[in-house]
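Residue-level structure breakdown
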Amino acid sequence: GFGRFIGQLPDEDQELDVLVLARGDEGLPHVEWAQKLSRIEHRTFPGVYQVCAEGEQPWIAFRRASGEALSRYISAEGQGLAEIEALHVIMQLAALLQTIHVAGLIHGNLTTENVKLQPADGELFQVLLEGWAPPAMDSETPPTVADDLKTLGQLFYQMLTGVLPPSAQTNDEPDLEG
């Protein structure tokens, strides 16, 4: 089987998000995805710690992003971020998405829980993105670049207004609140 686990390196404070991939030939696309992802370097991506493609059970370990989830900055009463803060966050996310899309990858899991905000000296926020989803092998319609961009727009709307856009308030759309 496969799954996602949180771990910590011995003698270090670094937490890891360990994604155990499917076995054998079934998991080969996931291993290839993980190896491509491990070559991505961007200030909003905490990075891949290690990819293990050997043995019976392949896995990928991501460095976990520190900071507060974006969802904590958006209130249930419809209070969003200040416009300049929302623009700053969305520009950092868009730059990362451009980098991964050029590399032929999709995030596939943009939610307010997977966007982490760190207060930064002299800046509004440092944005980090986690919660990467491997390509869906059992889905008839795997996530696309267009899906990432649509979700990015929905996140921007939510950051400005504090609520999901009307198009995301149906059962047909992914839950942006994690």
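Attention here is on the structure that accompanies the text. (Residues numbered from 1 in each chain as written. Predicted model: local features only at pLDDT ≥ 70, side-chain atom pairs only at ≥ 80, totals over all residues. Heavy atoms only, no water.)

Remarks on the sheet that holds strand β5 (residues 68–69)
The condition is simple: Strand pairing is assigned whenever DSSP detects at least two bridges linking the two strands. Numbering of helices and strands runs from the N terminus, with a helix taken as a DSSP run of H or I at least four residues long and a strand as a DSSP run of E at least two residues long. Here, residues are in contact when the closest pair of their heavy atoms is within 4.5 Å. Axes here mean lines fitted to C-alpha atoms, for a helix over just the part in contact, with angles spanning 0 to 180 degrees between N-to-C directions.
On the basis of which strands lie adjacent, the open sheet formed by three strands has the order β5-β6-β7 and antiparallel pairing. Looking along the sheet, the strands with just one partner apiece sit at the ends: β5 and β7 (126–129). Lying over the sheet, helix α2 (residues 83–102) contacts β6 (115–118) and β7, oriented at roughly 45° with respect to β7.

Considerations on helix α3 (residues 145–161)
Put simply, the test is: Each residue after the first adds 1.5 Å to the expected span of a helix. For every residue, the accessible area (1.4 Å probe, protein chains only) is compared with the maximum for its type, and the residue is labelled buried under 20%, exposed over 50%, or partly exposed between those bounds. As used here, the arc belongs to the directions running from the helix axis to the C-beta atoms.
Compared with an ideal rise of 1.5 Å per residue, which puts 17 residues at 24 Å, α3 spans 24 Å between its outermost C-alpha atoms and is within 8% of the ideal. Taken residue by residue, α3 has D148, T151, L152, Q154, L155, Q158 and M159 as its buried positions. Within α3, the buried residues cover an arc of 165° as seen down the axis, which keeps them to one side. Tucked inside the fold, the buried residues of α3 contact α2 and β6. Of the residues one or two after α3, G162 is the one with positive phi, at around 85°.

A few points about the packing of α2 against α3
Between two packed helices, both the angle of their axes relative to each other and the distance between the axes serve to describe the pair. As a reminder, the rule being used: Angles are sorted into four bins: roughly parallel if under 35 degrees, roughly antiparallel if over 145, roughly perpendicular if 65 to 115, and oblique for all others. Under the scheme applied here, ten amino acids are nonpolar (Ala, Val, Leu, Ile, Met, Phe, Trp, Tyr, Cys and Pro), four are charged (Asp, Glu, Lys and Arg), and all others, including Gly, are polar.
Relative orientation of the contacting elements α2 and α3 amounts to 170°, with a least axis distance of 9 Å. For the element pair α2 / α3, the angle class is roughly antiparallel. Of α3, the residues touching α2 (which contributes E83, A86, L87, V89, I90, L93, A94, L97, I100 and H101) are V145, D148, L149, L152, F156, M159 and L160. Per-class residue counts for the contact of α2 with α3 are 14 nonpolar, one polar and two charged.

Read these as geometric descriptors, not functional statements.
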